[in-house]
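Now for the letters of each chain:
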Amino acid sequence: MQARSLIAALFAITTATSAFAQSAAPATTGQQLTREQVTAEYIRARNAGEIATSEVDYPKMPATAASKVTREQVMAEFYAARKAGLIPQTEADFDVAQTTKHVVQ
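Worth saying up front: this structure is predicted, and the values here are computed from it rather than measured. Numbers given to residues run from 1 along each chain, matching the order in which its sequence is written. Selection of residues for local features in this predicted model requires a pLDDT of at least 70, selection of side-chain atom pairs for listing and counting requires 80 or more, and totals for whole chains, interfaces and linings are taken over all residues. By convention in this description, side-chain values take in all heavy atoms of the structure and omit both hydrogens and water.

The helix and strand labels rest on DSSP assignments: H or I over at least four residues marks a helix, E over at least two residues marks a strand, and numbering proceeds from the N terminus. Its location among the elements puts Arg 82 in helix α3 (residues 71-83). Residue Arg 82 is classed as partly exposed on the basis of its relative accessible area, which comes to 35%. The contact criterion used is simple: two residues touch if any of their non-hydrogen atoms lie within 4.5 Å. The residues contacting Arg 82, other than those within four sequence positions of it, are Ile 87 and Gln 89. Burial classes: relative accessible area under 20% of the type maximum marks a residue as buried, over 50% as exposed, and values in between as partly exposed (1.4 Å probe, protein chains only).

Before going further, it helps to spend a moment on helix α2 (residues 35-47). Over its 13 residues, α2 runs 18 Å from end to end, which matches the ideal 18 Å to within 8%, given 1.5 Å per residue. Just past α2, the residue Gly 49 takes up positive phi, approximately 80 degrees. One less than the residue count of a helix, multiplied by 1.5 Å, gives the span that helix is expected to have.

Moving on: α3. Every α-helix carries 3.6 residues per turn, so stepping three or four residues along brings you back to the same face. Between its first and last C-alpha, α3 extends 18 Å over 13 residues, near the 18 Å set by a 1.5 Å rise per residue. Gly 85 occupies a position one or two residues after α3 and carries a positive phi of about 85 degrees.

Low pLDDT marks stretches whose predicted atomic positions should not be read closely. A residue's pLDDT is simply how confident the predictor is in it, with values from 0 to 100. Mean pLDDT for the protein chain: 74, with 58% of residues reaching 70 or above. Here helix α4 (residues 96-104) stands out as the element of the protein chain with the lowest mean pLDDT, 55, in contrast to α3, whose mean of 93 is the highest. Within the model, pLDDT remains below 50 along residues 22-26, and this stretch shows one contact once partners closer than five positions in the same chain are excluded.

Here we come to the pattern of salt bridges. By convention in these notes, a salt bridge is any Lys or Arg side-chain nitrogen within 4 Å of a carboxyl oxygen on Asp or Glu. Following the criterion strictly, the structure yields two salt bridges and no others. Arg 44 serves as the salt-bridge partner of Glu 50, at 3.2 Å between the closest nitrogen and oxygen. On the basis of relative accessible area, Glu 50 is assigned to the exposed category, the value being 53%. The partly exposed category is assigned to Arg 44, whose relative accessible area is 39%. When salt bridges with common partners are traced through the structure, they connect Glu 41, Arg 44 and Glu 50 into a single cluster.

The following block contains the structure:
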């Protein structure tokens, strides 16, 4: 199934780029590659590890900054806000006009 998805994606990319390339300036080499040549080049680049083929190959997300508050501090702040009525409990507690006022400001 993964091979079919990969082939379908390759086909879509090939047709999209070939359609775009025909409307753009001609290739610098003076010749256009055939579909078989493009496919062969793609397979060569994939086998050489030049193309990311899975999420393992993609760059890692940057590490997030460490929090300066503890989980207990966050929970205490949440409970205090809820006790003060700052956090709606049900749809009836949710004031659309007040929320809109904060958005507009």
